[in-house]
Amino acid sequence: MTQGSHYDASLREELLATARAMTAAGLNTGTAGNVSVRMAGGMLITPSGMPSEACCVEDMAFVAEDGTATGRLAPSSEWRFHHDIYAKRPEAGAVLHAHAPFATSLACQRIEIPPFHYMIARFGGNTVRCARYATFGTQDLSDNILDALDGRSACLMANHGMLVFGRSLSNALALAIEFETLCEQYWRSRQLGDPVLLSDAEMAEVVERFRWYGKPQPG
């Protein structure tokens, strides 16, 4: 690909590094999962059916705002929900989808994660929803994910995995690791019985505090 508006070497390097970090963190194995980053005119996304260890920066695919793709490899088969999240959620700078073990285990039970821990508020509300099932790569799946993400920055995907978005690739990766940790904690807590849940009032206070938690200092 020639140098131009669709080619940003540093962004491609960061995207590939993030995909490899997902594997290193235990969020993915093999060709599962995908990650993207917003850029002028569209997004860069990991390619279809390729383990990150076998990829190079030139393999990262560009998908324009109109859904057309360019690059030497096809974009991830899940490019559609990445594209739709960027279109609907202007605060999203990067989107990460993984088949992380604990998140996927809960997703296969189609469980909405309740306020068992105050850090659930990190993702925008007092629960993390589970998106309704649809076949991977379809518009139905994208629509279901957008519904589950209403007011949230993370969701489970029924019988599939997990999804988070953040303001940047590093932020999305950190949130994904944090979300998988919460999923593990919830899974372990359920082994002892139903966990004691925080009240709506308690969670509302935490959600308000998270409006500034971890955000850049204004000015």
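An account of the accompanying structure is given in this report. (Residues numbered from 1 in each chain as written. Predicted model: local features only at pLDDT ≥ 70, side-chain atom pairs only at ≥ 80, totals over all residues. Heavy atoms only, no water.)

Next up on the list: the overall build of the protein chain. Helix and strand content of the protein chain: six helices and eight strands. Helices and strands appear in the protein chain in the N-to-C order α-β-β-β-β-α-β-α-β-α-β-β-α-α. In terms of overall dimensions, the protein chain is globule-like: its C-alpha atoms have a radius of gyration of 17 Å, near the 17 Å expected for 219 residues. Overall, the C-alpha framework of the protein chain stretches about 55 × 40 × 30 Å when taken along its three principal axes. With 219 residues in all, the protein chain has 49% of them scored as buried. Taking the contacts inside the protein chain whose residues are at least 6 apart along the sequence as the reference set, 65% of them involve residues at least 24 apart. If you sum the accessible surface of the protein chain, you get close to 10400 Å²; carbon and sulfur atoms cover 52% of it. Of the charged side chains in the protein chain, 18 are positive and 24 negative, and the gap between their average positions amounts to 2 Å. (Helix = DSSP H or I, 4+ residues; strand = E, 2+ residues; numbered from the N terminus. Rg over C-alpha atoms; globule rule 2.2 N^0.38 Å. Buried < 20%, exposed > 50% of the residue type's maximum accessible area, 1.4 Å probe, protein only. Contact = heavy atoms within 4.5 Å. Areas by Shrake-Rupley, 256 points an atom, 1.4 Å probe, with all protein chains shown as cover. Lys, Arg positive; Asp, Glu negative; His and termini not counted. Charge placed at Lys NZ, Arg CZ, Asp CG, Glu CD.)

Quick look at the nonpolar core now. L96, I113, L156, M162, F179 and C183 are the most contacted members of the largest nonpolar core, which has 51 residues in total. For C183, the residues in contact, after removing those within four places along its chain, are F102, A103, L106, I113 and L156. Residues I85, V95, I145 and F165 belong to the second largest nonpolar core, which totals 21 residues. (Core = buried A, V, L, I, M, F, W, Y, C linked by side-chain atoms within 4.5 Å.)

Time to look at the pattern of salt bridges. One pass over the structure, following the stated rule, counts seven salt bridges. Between R72 and D59 there is a salt bridge; the shortest N-O distance is 2.8 Å. Of this pair, R72 sits in the loop between strand 4 (69–70) and helix 2 (79–88) while D59 is found in the loop between strand 2 (42–45) and strand 3 (61–64), placing the two residues 13 residues apart along the sequence. Given a relative accessible area of 6%, D59 falls into the buried group. With a closest N to O distance of 3.2 Å, E178 and R122 form a salt bridge. Of this pair, E178 sits in helix 5 (residues 169–190) while R122 sits in the loop between helix 3 (101–108) and strand 6 (130–131), placing them 56 residues apart in sequence. (Salt bridge = Lys/Arg side-chain N within 4 Å of Asp/Glu carboxyl O.)

Before going further, it helps to spend a moment on the pairing of strand 7 (residues 154–157). Of the two faces of strand 7, the one lined by A154 and L156 and the one lined by C155 and M157 are each fully buried. Strand direction decides the pairing type here: strand 6 and strand 7, joined by two bridges, are parallel. Bridged to A131 within strand 7 is M157. Handedness of the crossover joining strand 6 and strand 7 through helix 4 (residues 139–148): right-handed. Here strand 7 pairs with strand 8 (residues 161–166) via four bridges, running antiparallel. Note that in strand 8 the partner of M157 across the bridge is G161. Counting the residues in the hairpin turn of strand 7 and strand 8 gives three residues, including N159, whose phi is positive at 55 degrees. (Pairing = 2+ DSSP bridges. Right-handed = clockwise from strand over helix to strand, strands pointing away.)

So, about the layout of surface pockets. One number sums up the size of the second largest pocket: a volume of about 320 Å³. Lining of the second largest pocket is provided by 27 residues; of these, T31, A32, G33, N34 and P47 occupy positions nearest its centre. Elements with a contribution of two residues or more to the lining of the second largest pocket: helix 1 (9–24) and strand 1 (34–39). When the residues that make up the lining of the second largest pocket are grouped by side-chain class, the tally is 11 nonpolar, 15 polar and one charged. (1 Å grid on protein atoms, 1.4 Å probe; cavity = no way out; pocket = protein on both sides within 12 Å on 5 of 7 lines; lining within 4 Å. Points joined across faces, edges and corners; volume = space filled by probe spheres on them. Nonpolar A, V, L, I, M, F, W, Y, C, P; charged D, E, K, R; others polar.)

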